[in-house]
Each structure stands twice: as C-alpha cells, then as structure tokens.
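Structure at a glance
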Amino acid sequence: MTQGVTGPLPHFSLSEMKQALQVAVRAEQEAKLNLEQLNEERLLREKFLQLVAHEFRNPLTVLLLLAQSAELQAKAIGADERLLKYLASIERQVTLMSRMLSEFDRPGSQGRFQCSLRPMKCGAFAKTMLGQFSQTQTSHRFEIQMPEDREAIVVADEDRLSQVFMNILVNAIRYSAAGTKIHCGLSFVPAHDAKSGYVARFEIKDQGRGIKPEDLCRIFDRAYRVDHAGSPPGAGLGLYVAKQVMTHMGGSIHAESAGIGRGATFIIELPVIELQNL
C-alpha cells in the first residue's frame, strides 16, 4: 500500500516559477555552450595532431630509406654483424614510429590504439629485444635472465610490446646512475586466477631513484609525473601509453618499489596460450 503525502504542498508564486524557469534555461544554454567549446577544442587538438603527424612523416620516410640503403651497402661489403643489427634496429624503430604517427593522422582517431594481435614466442622476442638493446647501451650493466628449457606462446602485437619495453628500459637508464645494474628477467608463473593457466612475466628492475608509495598507483595516469629533483623533462605519457597498450593486448603492467633510493621494478604480464618444453 502506497503511503500518501501528508502535509500541505509547497506553493510557488508565478514570479518564482518564472525565475526558476529562467535559471534552468540559462543552465541549459551554458551547458550547450560548454559542449560546443569542448567539441571545438577536440577538433583543434585533432587537427593539430594530424598536422604534426604529417610533418613528421616525411623526415621519417627519409630516415627509413637511409637506414635500408645503409643496411644493403653494409651487407654488400660484408660489414660486422653488430653493425647490421644496429641498422635493422634503426629501421624497426622508425617503422614503429611511423605506425604510431599514422594513428594520429586519421580523422576521428584521436590517437586510439590499434593492435595487430597474433601468436608469438615471448622468450624469443624478449631475448632478441633485450639483447639488441643492451648491446647499444654501454652506460649500464644489463643482467638478462631467460628460461632455457621452456618457451611460451602469447597473443600480442610485437611492435606494441617493443614500444612498452623501450619505454620501461629507457626510464630505467634515465632514472638510475651510470654503471648500475638493470636486471631483465622472464618467467612463466601460474596466473593469479589458478583456473587461467600461466602468464609470461617480464621483470625490469633498476637500482635507481625508486618511487614513493603514494606515486605507485598514479604513475600510469595520463600526464602524471613523479616529482623528483632534477628529473628529466617529459610529458608524462610514456607509462600511460604502456598501460593502454597492455590493456588492449589483454595483459597488465604495474610497478613495485621499496621507496626513494631503493630502485623500481616494472612487471609486465601476458596470458600464455601454450607452454612448450625445449
């Protein structure tokens, strides 16, 4: 049974109702104006990103052609294998950058991530990626630990995963002193949900500045930068992009640190669809 309303109903005069109506109309007009301004800002931002992408594409194309030409000439004269790897790495990174820019050059894209997912051997990927990177960096000592008796198949976008690794590795170098060790490891461990099988777990650990506990949950936010004295300039987008990429691939990324001066560990995980014995 519905209980009726007791007591007298409120009475509004005609002038009060007109005033309330005027307030509602003004609020609607202001909301509409704010929405139009937001749409205008979005369109301007999108046009700016398209312009930047277009202007960068030409020099990147030249760099790619130069890298390909240099690689062909190096092969023709029997150049050192290490030089060939460097040139191939340059070509790969320029190609990846061109792909990233193309996502800002499409109307309406606003830089949305697109992943070309396919099965890949994560052990072979990590060994190649980390091996090439460590050879080009002489300022730090790299310790690479990979399982020798097992391999895992994951579904991922290899270029995007390389982008995530590069971001974490560059940060490890940037925020730690020269000569210190950077540990890079891969292991295959049971998923947090025991019914989900295994995950490929990548760990990149440095001996750098570390991260405050209050910053650990925010470093993957867009445009968030940790407040460190003497921190190198940046837009605070690298870790945000890494988080978005891993989410699109069905994986995860998080950071651990015991605090300032204690270094940091970044952990990247991807579901394993097949675990192989070697």
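Preceding this paragraph is the structure being described.
Residues numbered from 1 in each chain as written. Predicted model: local features only at pLDDT ≥ 70, side-chain atom pairs only at ≥ 80, totals over all residues. Heavy atoms only, no water.

Among the nonpolar cores identified, the biggest contains 42 residues, and F165 and F266 are the most heavily contacted of them. Elements represented by at least two residues in this core include exactly α3 (122–136), β3 (150–156), α4 (158–174), β4 (181–190), β5 (198–205), α6 (238–248), β6 (252–256) and β7 (265–277). It is α4 that contributes the most residues to this core, seven residues altogether. Dropping the residues within four chain positions of it, F266 is found in contact with I168, F202, E203, I204, I211, I219, F220, L239, H254 and A255. (Core = buried A, V, L, I, M, F, W, Y, C linked by side-chain atoms within 4.5 Å. Buried < 20%, exposed > 50% of the residue type's maximum accessible area, 1.4 Å probe, protein only. Helix = DSSP H or I, 4+ residues; strand = E, 2+ residues; numbered from the N terminus. Contact = heavy atoms within 4.5 Å.)

Here we take up the packing of α4 against α6. At their nearest, the axes of α4 and α6 sit 9 Å apart, and the two run at 150 degrees to each other. Like other packed secondary-structure pairs, α4 and α6 cross with a definite hand, here left-handed. Residues R160, L161, Q163, V164, N167, I168 and N171 of α4 pack against G238, L239, V241, A242, V245 and M246 of α6. In terms of residue class, the contact of α4 with α6 is built from eight nonpolar, four polar and one charged. (Axes fitted to C-alpha atoms, helices over the stretch in contact; angles between N-to-C directions. Left-handed = near helix turned anticlockwise from the far one by under 90°. Nonpolar A, V, L, I, M, F, W, Y, C, P; charged D, E, K, R; others polar.)

Under the defined criterion, the tally for this structure stands at five salt bridges. Put simply, K181 and E143 hold a salt bridge, and the shortest N to O gap is 3.8 Å. Separated by 38 residues along the polypeptide, K181 in strand β4 and E143 in strand β2 (residues 141–145) bring together distant segments of the chain. For K181, a relative accessible area of 28% translates into the label partly exposed. Taking relative accessible area as the criterion, E143 reaches 34% and is therefore assigned partly exposed. (Salt bridge = Lys/Arg side-chain N within 4 Å of Asp/Glu carboxyl O.)

So, about the pairing of β3. When you tally the buried positions in β3, you get five out of seven residues, the bulk of the element. Both strand β1 (residues 118–121) and β3 contribute to a ladder of four bridges, which runs antiparallel. When the sheet's bridge partners are listed, K121 is paired in β3 with I153. The pairing of β3 with β7 spans five bridges and is antiparallel. Paired with E151 across the strands is Q276, a residue of β7. (Pairing = 2+ DSSP bridges.)

This next bit is on α6. Buried residues of α6: L239, Y240, A242, V245 and M246, and no others. Within two residues after α6, G250 carries a phi angle of roughly 80 degrees, on the positive side.

Time to look at the side chain of E269. Its location among the elements puts E269 in strand β7. With relative accessibility at 6%, the residue E269 sits in the buried group. A polar side-chain atom of E269 sits 3.3 Å from a polar atom in the side chain of H192. Here the side chain of E269 touches R201 through a polar contact of 2.9 Å, side chain to side chain. Excluding residues within four positions of it along the chain, E269 makes contact with H192, V199, A200, R201, M246, G251 and S252. (Polar contact = N/O pair within 3.5 Å; in protein donor to acceptor, adjacent residues only side chain to side chain.)

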